[in-house]
Amino acid sequence: MEYRHLGKSGLKVPVLSFGTGTFGGKGELFSAWGSTDVAEARKLIDICIDAGVNMFDSADVYSGGAAESVLGEAIKGRPRDRLLISTKATFRSGEGPNDVGSSRHHLVQAVDGALKRLGTDYIDLYQLHGFDASTPVEETLSTLDDLVRAGKLRYIGVSNFSGWHLMKSLAISERYGLARYVANQAYYSLVGRDYEWELMPLAQDQGVGAVVWSPLGWGRLTGKIRRGQPLPAKSRLHATADMGPPVPDELLYRVVEALEKVGAEVGKTVPQVALNWLLQRPTVSSVVVGARDEAQLRQNLGAVGWNLTPAQVAELDAASATTRAYPYWHQQGFLERNPNPV
C-alpha cells in the first residue's frame, strides 16, 4: 500500500481508504447501498488492514448514525493508534432547529455523538459534510479549532464545498491562526471531472488533499453497464440513480468502452482501471472505496501496486472529456499563463 501526505499536513494516509456507507443499511438510500452488520464489518476491516488500508470513513447521517456505531463495534480491541478514523457532520441529524449546520451548538453536539458511537476519544479527520451559509465561517472555524485543541479532533477538512467556500475558510484560518482545512472530500471520477475545474487548482495552490468519494461514478463504472444492454438487475442505481450526480448515457458508454480496452491491455477490471486513473491525478491523497462483500473489496484493492502508462491515461482523459462550464472553458484559451492543473 502506498501512503501519501494528507494535503499540506504531516499526516500520511493510504491511497485507498474504506468507506462505511454500506454499514447499517437504514433508510432508502443507505439500504440500497448495503446492510453490513458488525460481524461482516469485522471481516472487511481485517481484509483492509492486511492490505495496508488503515483509514475508515463514515458520517453521522450514514444510516442515521448506525454506520458509525457498526464501525465502532468492528474496531473494538484493535490498537487505536494504528487506525485512522474519519467522519463528517453538518447535514440534519435530528428534528430540532439546531440539529443541523456548522454552528458551535451543532458541531460540539455532533462531535460528542460521533465519539460515543465510534467508541473512541478522538477522531483523526473530521470533515464538514457541506457548507453552512447561515453560520459565520469564523464561528465554525473557531469551534473546530477549540475541538482540535481539546484533543477531540486531530485534523479537519470539508466536503462538497464550492471553491469560494473553501478559499474563504482558508483565508479566515490564516487571519486568526485557527486550525486549517487539510482535506477536501470531493466527488471525482472518470464520469465526473468537475473537480478539476476549480477545486483542483485551489488544492494545488493551498495544499489541500483530495479524499475522493464515489470514485466509480455513483456505481456506474463497475463494468456491468454497457451500451445497448439493460441496467443489471442487482444494480443499486435502480433505487439511487436520481439521488446522485447525473451522467449522460453517451459519456458513460464512451468511458466504459475505453476502460474495457485499457483493462484488456493491462489485465485489470474496469473498476480497477478507473480507480488507478484517479490515483495518478494531482492533489489526490486518498480514494474512498466501499464494498458490499469481500469479493468487491478485494477487487477494489487490486487497483494499487501498478500504474497505467501515460498513453493509457491520455486515452481515458480523451474518452471522459466534456465541455467545461464558464469561465473554465474560456480559461482554456489562456494556458500560456493560466495552465490546467493536470
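1. Topic: the packing of aromatic side chains
How two aromatic rings sit relative to each other is given by the distance of their centres and the angle of their planes.
Here is step 1: Across all of its chains, the model carries twelve aromatic pairs by this definition.
Here is step 2: Between Trp-197 and Tyr-328 the ring centres are 5.8 Å apart and the planes differ by 40 degrees, which places this aromatic pair in the tilted class. Highlighted residues: Trp-197 in the loop between β8 (181-187) and α7 (199-206) and Tyr-328 in helix α13 (residues 328-331), separated in sequence by 131 residues. There is no split in this pair, since Trp-197 and Tyr-328 are both buried.

2. Let's talk about the packing of helix α3 (residues 66-74) against helix α4 (residues 104-118)
Here is step 1: Taken N-terminus to C-terminus, the directions of α3 and α4 make an angle of 45 degrees; their axes are 7 Å apart at the nearest point. Comparing their axes, α4 and α3 come out oblique. The residues of α4 that touch α3, namely those facing Glu-68, Ser-69, Leu-71 and Gly-72, are Ala-114, Arg-117 and Leu-118.

3. Overview of the pattern of salt bridges
Here is step 1: One pass over the structure, following the stated rule, counts 17 salt bridges.
Here is step 2: Its salt-bridge partner being Arg-226, residue Glu-260 comes within 2.4 Å of it at the nearest N-O pair. Of the two residues, Glu-260 is situated in helix α9 (residues 249-266) and Arg-226 in the loop between β9 (209-213) and α8 (237-240); the sequence distance between them amounts to 34 residues.
Here is step 3: The exposure class of Glu-260 is partly exposed, given its relative accessible area of 27%.
Here is step 4: In this structure Arg-226 comes out as partly exposed when scored by relative accessible area, which is 33%.
Here is step 5: Each of the salt bridges in this network shares a partner with another, and the network as a whole consists of Arg-193, Glu-196, Arg-281 and Asp-317.

4. Some thoughts on helix α12 (residues 310-320)
Here is step 1: The complete set of buried residues in α12 reads Gln-312, Val-313, Leu-316, Asp-317, Ala-319 and Ser-320. In an axial view of α12, the angular spread of the buried residues amounts to 165 degrees, which keeps them on one side of the axis. When the buried face of α12 is taken as reference, the exposed residues oriented beyond 90 degrees from it are Pro-310, Ala-311 and Ala-318.
Here is step 2: Looking at the buried positions of α12, the neighbouring elements they touch are α9 and α10 (270-279).

5. Focus: the pairing of strand β5 (residues 84-89)
Here is step 1: A large share of β5 lies buried, amounting to six of its six residues.
Here is step 2: Neither face of β5 is left uncovered, since the one carrying Leu-84, Ser-86 and Lys-88 and the one carrying Ile-85, Thr-87 and Ala-89 both have all their residues buried.
Here is step 3: Bridge count for strand β4 (residues 55-57) against β5 is three bridges, and the pairing is parallel. Bridging from a neighbouring strand, Asp-57 pairs with Ser-86 of β5.
Here is step 4: Running through α3, the crossover from β4 to the neighbouring parallel element β5 is right-handed.
Here is step 5: In this structure, β5 lies alongside strand β6 (residues 123-128), joined through four bridges in parallel fashion. Looking at the pairing, Lys-88 lines up with Gln-127 of β6.
Here is step 6: Handedness of the β5-α4-β6 crossover: right-handed.

What counts, and at which threshold
Residues numbered from 1 in each chain as written. Predicted model: local features only at pLDDT ≥ 70, side-chain atom pairs only at ≥ 80, totals over all residues. Heavy atoms only, no water. Phe/Tyr/Trp six-rings, centres within 6.5 Å; stacked < 30°, edge-to-face > 60°. Helix = DSSP H or I, 4+ residues; strand = E, 2+ residues; numbered from the N terminus. Buried < 20%, exposed > 50% of the residue type's maximum accessible area, 1.4 Å probe, protein only. Axes fitted to C-alpha atoms, helices over the stretch in contact; angles between N-to-C directions. Parallel < 35°, antiparallel > 145°, perpendicular 65-115°, else oblique. Contact = heavy atoms within 4.5 Å. Salt bridge = Lys/Arg side-chain N within 4 Å of Asp/Glu carboxyl O. Arc of directions from axis to C-beta. Pairing = 2+ DSSP bridges. Right-handed = clockwise from strand over helix to strand, strands pointing away.

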